Amino acid sequence: MHELQQHVKPARAAIDPLVKAPLTAAAQHHVTHTCSVQERMGRLLGTDGVRGVVNDDLTPELAHAPFTYVLLAHNHPAAVVRLARAILTEVPQSRIVVHYSALSGPFPDCSDERIIAVEHPAAVQWATFSQTDMMLRSLEQIRRSGLPNSWIVMLSGQSYPVRPLRAFEQMLSSCGADAYLWFRRIERSERDLFERYSFHYVPVGNGPLPFPFNVRCVRGVVNRMQPLVRVKSNPRAAFVGYRARRSIFDVVPNVYYGTQWLALSGKAADYITGAIHERPDLLDLYRRTSCAEESFFPTVLQNAPDLRTLNDDVHYTDWSTIRTGSPRSLLMKDLPAIERSDKWFARKIDPGADDGLRDALDAVRARRATGDAFLAPVTMRAPYNAGSLRVGALRY
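Quick summary incoming for the structure in this document. A quick note: this is a predicted structure, and the numbers were derived from the prediction, not measured. (Residues numbered from 1 in each chain as written. Predicted model: local features only at pLDDT ≥ 70, side-chain atom pairs only at ≥ 80, totals over all residues. Heavy atoms only, no water.)

Attention now moves to the overall build of the protein chain. Helix and strand counts for the protein chain stand at 13 helices and 15 strands. Across the 396 residues in the protein chain, those meeting the buried criterion constitute 53%. Carbon and sulfur atoms provide 56% of the accessible area of the protein chain, an area that totals close to 18500 Å². (Helix = DSSP H or I, 4+ residues; strand = E, 2+ residues; numbered from the N terminus. Buried < 20%, exposed > 50% of the residue type's maximum accessible area, 1.4 Å probe, protein only. Areas by Shrake-Rupley, 256 points an atom, 1.4 Å probe, with all protein chains shown as cover.)

Among the secondary structure elements, Gln260 is positioned in the loop between strand E11 (256-258) and strand E12 (263-265). Looking at Gln260, the relative accessible area reads 6%, which means it is buried.

A separate point is the packing of helix H4 (residues 77-90) against helix H13 (residues 356-368). Closest axis-to-axis distance for the H4/H13 pair is 13 Å, and the angle between their directions is 10°. The angle between H4 and H13 places the two elements in the roughly parallel class. Here Ala79, Arg82, Ala86 and Glu90 of H4 come into contact with H13, specifically with Arg358, Asp359, Asp362 and Arg365. For the contact of H4 with H13, the class distribution of residues is 2 nonpolar, no polar and 6 charged. (Axes fitted to C-alpha atoms, helices over the stretch in contact; angles between N-to-C directions. Parallel < 35°, antiparallel > 145°, perpendicular 65-115°, else oblique. Contact = heavy atoms within 4.5 Å. Nonpolar A, V, L, I, M, F, W, Y, C, P; charged D, E, K, R; others polar.)

Let us now look at the environment of Asp334. For Asp334, the position within the fold is in the loop between strand E14 (315-316) and helix H12 (335-340). Classification of Asp334 as buried rests on a relative accessible area of 8%. The spatial distance from the C-alpha of Asp334 to the C-alpha of Asp318 is 9.4 Å, given a sequence separation of 16 residues. Aside from chain neighbours lying at most four places away, what touches Asp334 is Arg328 and Ser329.

It is worth spelling out the packing of aromatic side chains at this point. Working definition: an aromatic ring pair is given by the centre-to-centre distance plus the angle between the planes. Throughout the structure, instances matching the rule amount to 11 aromatic pairs. With centroids separated by 6.3 Å and ring planes inclined at 35°, the aromatic side chains of Phe199 and Tyr201 adopt a geometry described as tilted. Residue classification places Tyr201 among the buried positions, given a relative accessible area of 7%. Three or more aromatic residues link up through ring pairs in this structure, and these residues are Tyr197, Tyr286, Phe296 and Phe297. In this structure, Arg163 packs its charged tip against the face of Trp344, placed 4.5 Å from the ring centre. (Phe/Tyr/Trp six-rings, centres within 6.5 Å; stacked < 30°, edge-to-face > 60°. Lys NZ or Arg CZ within 6 Å of the ring centre and 35° of its normal.)

Time to look at unusual backbone geometry. Here the bond from Arg347 into Lys348 is cis, since omega is 5°, no more than 30 degrees from zero. Among the secondary structure elements, Lys348 is positioned in the loop between strand E15 (345-346) and H13. Positive phi is not limited to glycine here, since Ala127 has a value of about 70°. Mapped onto the fold, Ala127 is located in the loop between strand E3 (115-117) and helix H5 (130-145). Residue Ala127 is classed as buried on the basis of its relative accessible area of 2%.

The terminal C-alpha atoms of helix H9 (residues 266-278) lie 18 Å apart, and with 13 residues this matches the ideal 18 Å at 1.5 Å per residue to within 8%. Three or more residues of H9 are buried, namely Gly266, Ala268, Ala269, Tyr271, Ile272, Thr273, Gly274, Ala275 and Ile276. (Expected span 1.5 Å × (residues − 1).)

Bringing the sheet that holds strand E10 (residues 237-243) into the picture now. Taken together, 3 strands build an open sheet; the order of strands is E8-E10-E9 and the sheet is antiparallel. For this open sheet the edge positions go to strand E8 (199-205) and strand E9 (229-234), each flanked by a neighbour on one side alone. Strand-to-strand twist across the sheet, computed as the mean angle between neighbouring axes with direction ignored, equals 25°. With 6 bridges joining them, E8 and E10 adopt antiparallel strand pairing. If you follow His200 over to E10, its bridge partner there is Tyr242. (Pairing = 2+ DSSP bridges.)

With that out of the way, let us pick up the nonpolar core. Core analysis: the biggest nonpolar cluster contains 53 residues, and Ile248 and Leu264 have the highest contact counts within it. With residues near it in sequence (within four places) discarded, Leu264 still touches Leu139, Ser150, Trp151, Ile152, Asp178, Ala179, Ala269, Ile272 and Leu301. In this structure, Phe107, Tyr160, Phe345 and Ile349 belong to the second largest nonpolar core, which totals 46 residues. (Core = buried A, V, L, I, M, F, W, Y, C linked by side-chain atoms within 4.5 Å.)

The residue Thr259 is located in the loop between E11 and E12 in this model. For Thr259, a relative accessible area of 10% corresponds to the buried category. Considered as a pair, Thr259 and Tyr180 are 79 residues apart in the sequence and their alpha carbons are 10.0 Å apart. Sequence-distant contacts of Thr259, defined by excluding residues within four places in its chain, comprise Leu181, Trp182 and Asp313.

Spatially, 7 strands are ordered E3-E2-E1-E4-E12-E6-E13 in an open sheet, and the strand pairing comes out mixed. Of all the strands in the sheet, just E3 and strand E13 (309-311) have a single pairing partner and so form its edges. Sheet twist, expressed as the average angle between the axes of neighbouring strands with direction ignored, equals 20°. Relative to E3, strand E2 (residues 95-100) runs parallel, the two being bridged by 3 bridges. Within the sheet, the bridge partner assigned to Val97 lies in E3 and is Ile116.

Our focus in this paragraph is a nonpolar patch on the surface. Judged by side-chain polarity, Val202, Val204, Leu228, Val229, Val240 and Tyr242 come together as a nonpolar surface patch covering roughly 470 Å² of accessible area. Those elements giving two or more residues to the nonpolar patch turn out to be E8 and E10. By the secondary structure assignment, Leu228 is in the loop between helix H8 (216-225) and E9. (Patch = residues over 30% accessible without salt bridge, like charges linked within 9 Å, V, L, I, M, F, W, Y side chains within 5 Å. Salt bridge = Lys/Arg side-chain N within 4 Å of Asp/Glu carboxyl O.)

Time to look at the pairing of E9. Bridge count for E9 against E10 is 6 bridges, and the pairing is antiparallel. Bridge pairing in E10 places Arg230 opposite Gly241. Counted along the chain from E9 to the antiparallel partner E10, the turn is 2 residues long.

Here is the structure:
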């Protein structure tokens, strides 16, 4: 314990000046507005509105606050609408927020007031900050609505539920955590991950680089020959990066990597939206990195002093084709493995790959939702304790 305190005290000393610095006028306005939203929620729900929604002493009103499912998509609007309707069929009191990339045009009107499209969507490009931006815009849209949310669940437009959603919501409401996502700490010795977030990258194309830089070993030689420039390329995009003068590793003691497909309690969502207004420099550090969404959210959540995170992934995925930078598209032949998993959703399911898989998953959920199958055991992990390792690291 004494050794742990020796590590924590320098972190406190480094961050305290930032914590105690006066807020800008814009940040003060946001904090005041956030508090007023919490107060209004408290009057509406009969609670203080400041405590996390996942607590043993939940009021019945807050315990029954609806879930919001955020669907992040850039194509196949019909598949997105089908996912939304599958959710609303099982949990009709929930709400759907769709972020449909501005590069793909407006999201079609589906004549259901529970399905809301983000008003000013980002123009999303793979591996760029726009993927983080679309998540933040979705959270901001939810915040502006002023409506209470027990949990906010981020899904891909290519996700689909595997297990009954009523059981999923019950699990989150009683798991004792404020966030649910898979994550791990980045070690500086992990060259690829460390360079993702310590270099600034510029897109140089929507596909692989021309020969010879499309050859992996050639890029490896170029990247190892010198410390200042990195060349990244895969079938989806290409980037050239240069070493940043200041990176997130210079500011935060522990930097994390994880999934962007996460679930946030109302408390965790408020924390993130408050953090980006009070500490915009954190966003600036990630703005030109690669795949920022896979580090920004886990890092902010894991360094929060009062949040507890359940370290698990809600999705079943198959990464046997990781060279493409995305999981493999699932087919009907994957149904047995999906059923055997303890995951709540499957990804990714492309409409053109196997249209029957969604129908099969609907049948699986219907079977599990009846009788004893609904009470099937759920594999749970103990929440990652906020603990001393995170105390004071990013106290907003």
